[in-house]
Amino acid sequence: MKLPFAESYKIKSVETIKKSTVEERKNWIKEAKYNLFNLKSHQVFVDLLTDSGTGAMSDKQWSAIMEGDESYAGASSYFHLKDAIKDITGFEYFLPTHQGRAAENVLFSALIKEGDIIPGNAQFDTTKGHIEYRKATAVDCTIDEANHPSLNHPFKGNVDLEKLETVLKKYPKEKIPLIIVTITCNSAGGQPVSMENMKDVKKLADKYDIPVFYDAARFAENAYFIKIREKGYQNKSIRSIIKEMFSFADGMTMSSKKDAIVNMGGFIGFRHREDFEKATEFGILFEGFITYGGMSGRDMNALAQGLYEGTEFDYLETRIGQVAYLGQKLKDAGIPVQYPFGGHAIFVDAKSFLPYVPIEQYVAQTLAVELYIEGGVRGVEIGTLLADRDPVTRKNRYPEVEWLRLAIPRRVYTNNHMNFTAAALINVFERRNEITTGFKIVKEAPLLRHFTVELEKI
Ligand SMILES: *Cc1c(COP(=O)(O)O)cnc(C)c1O
């Protein structure tokens, strides 16, 4: 018999979670203005809002916390982290930041100015937010396959080289300070980018003399997919794949809350001293001195340890295997999901799921609310609310696909929780034809509105 899947860790400490009734949840979500970000954690049973900062740290990470060095300058924790980053990514220079968007803020302050064009593969919302805040424009050059949920493509996060070259040709080099490749591509469904594509992007960027930075929050999951799916990588180690991936970049921003399995933290990695020096000025201004930049010594220690644990094959197999376990249950029930399954989350195609809810009534948000009411499972809308309004016309931007994202925290839930989640969503699926109306906005912020938006039932 082929041995079945089993987690590559065991549980040492647990946290109680609370069940609730449908009636309670109907009241709570109404009080929350139908925004799942407004729910209190005790009102949620299985929390799949995000995999960001929600992972379970290991015994070794907790021990590393005890050994944190809180010296303002020159702390040993800083040097532990510097060594780990160099060892795993190959980047010589780095700046710590308090999370991923802080890394974007510091790096973009050094590189991006008004009127600039930043091509890449479906930049993440905070990335786009930081680009647009500087009155620059993010251009999405993801391959078209990313927008076809049922189409099987091993690397749906890939950059379309023709689209990219069109942008590089159209604007002068001075207008394009960098290309940002997001690995894995969160907005496209946690979809990986192939090694070949990274190599080709770098080649093209070199031709036009433009630096390439990776938004590398899930670089380890990306490496796992390369090992499993890309020809020639089956016998290479995850760590060597990671080194090769980063060899095609001039630097990286990192939300350590993802693949480095810490609850808070981030950094920027640089290949070139000049880039590091340019960014340092803003790092000190916004985040803190070079050797801590927004992080405690203990947290840098836990992060250094997390970088090693997050890049182990057995861990990645467990993690991505659990995501696929949930995905397969949904797929088997006929629920339309992004396929192949992504690394950190299952993305449900809400427009196909709820065909009678008008697109102007926030279809993916409607599905997220229904799932919460059904089982106390909290997912998140990756759709029109997240896409914000066009900065010029102020009209809603309707993305091609409206996703409900079910993000799986690292090392937190068991497969029973996945079974529970699948059952709740299947129940909603069975009554999908009765769901015909969604929501309207009563209050919203000009940028990143989905965090604070207030809605009313139609
Ligand atoms: C989470 C994330 C960010 C932002 O990081 P924070 O730590 O949440 O600030 C940037 N890019 C990607 C791809 C992410 O997933």
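Procedures and definitions
- Residues numbered from 1 in each chain as written.
- Predicted model: local features only at pLDDT ≥ 70, side-chain atom pairs only at ≥ 80, totals over all residues.
- Heavy atoms only, no water.
- Near = heavy atom within 4 Å.
- Polar contact = N/O pair within 3.5 Å; in protein donor to acceptor, adjacent residues only side chain to side chain.
- Helix = DSSP H or I, 4+ residues; strand = E, 2+ residues; numbered from the N terminus.
- Nonpolar A, V, L, I, M, F, W, Y, C, P; charged D, E, K, R; others polar.
- Salt bridge = Lys/Arg side-chain N within 4 Å of Asp/Glu carboxyl O.
- Buried < 20%, exposed > 50% of the residue type's maximum accessible area, 1.4 Å probe, protein only.
- Phe/Tyr/Trp six-rings, centres within 6.5 Å; stacked < 30°, edge-to-face > 60°.
- Lys NZ or Arg CZ within 6 Å of the ring centre and 35° of its normal.
- Domains from an automatic or database assignment.
- Contact = heavy atoms within 4.5 Å.
- Buried area = accessible area lost by both parts, 1.4 Å probe.

Tell me about the site of the ligand, and please be specific about residues and values.
By nearness alone, 14 residues border the ligand, and Gln-99, Arg-101, Asp-215, Ser-255 and Lys-258 come closest of all. Within the side chain of Arg-101, a nitrogen or oxygen atom sits 2.7 Å from an oxygen atom of the ligand. Here an oxygen atom of the ligand sits 3.2 Å away from a polar atom, N or O, in the side chain of Asn-186. By residue number, the principal contributor to the shell around the ligand is helix α4 (residues 100–111), which donates three residues. The residue makeup of the shell around the ligand, split by class, is two nonpolar, six polar and six charged.

Got a sec to walk through the pattern of salt bridges? Specific residues and values, please.
According to the stated counting rule, one finds 25 salt bridges in the structure shown. Lys-86 is the salt-bridge partner of Glu-92, the closest N and O atoms lying 3.4 Å from each other. For Glu-92, a relative accessible area of 39% puts it in the partly exposed group. On the accessibility criterion, Lys-86 (36% relative accessible area) is partly exposed. Where Arg-410 meets Asp-259, a salt bridge forms, and the shortest distance between an N and an O atom there is 3.0 Å. With Arg-410 in the loop between β12 (403–407) and α16 (415–430) and Asp-259 in the loop between β7 (251–255) and β8 (266–270), this pair connects stretches of sequence that are 151 residues apart. Both residues of the pair, Arg-410 and Asp-259, count as buried.

Please set out the packing of aromatic side chains residue by residue, giving values where relevant.
Applying the stated rule across the entire model yields 19 aromatic pairs. Taken together, a centroid distance of 5.9 Å and an interplanar angle of 40 degrees make the contact between Tyr-214 and Phe-246 tilted. Note that Tyr-214 is positioned in strand β6 (residues 212–215) and Phe-246 in helix α9 (residues 238–246), a separation of 32 residues in sequence. Comparing Tyr-214 with Phe-246, the two get one shared label, buried. Following the ring pairs from residue to residue traces out a cluster consisting of Tyr-78, Phe-79, Phe-94 and Phe-267. Positioned above the aromatic ring of Phe-313 is the side chain of Lys-227, whose terminal nitrogen or guanidinium carbon lies 5.5 Å from the ring centre. The ring of Phe-124 is capped by Lys-258, whose NZ or CZ atom sits 5.4 Å from the centre of that ring.

I'd like a description of the domain arrangement of the protein, backed by residues and values.
Domain boundaries in the protein define domain 1 (22–51 + 314–457) and domain 2 (59–309). Here the C-alpha centre of domain 2 lies 26 Å away from the C-alpha centre of domain 1. If you look at the interface, domain 1 gives 29 residues, while domain 2 gives 34 residues. Approximately 2,600 Å² of surface area, both sides summed, lies buried where domain 1 meets domain 2, with 54% of it carried by carbon and sulfur atoms. Run the count over domain 1 and domain 2 and you get six salt bridges. Counting across the domain 1 and domain 2 interface gives 19 residue pairs in polar contact (both at pLDDT 80 or more). Considering every element that reaches the side of domain 1 that touches domain 2, the biggest residue donor is helix α12 (residues 313–332), with five residues. Grouping the constituent residues of the side of domain 1 that touches domain 2 by class yields 15 nonpolar, five polar and nine charged.

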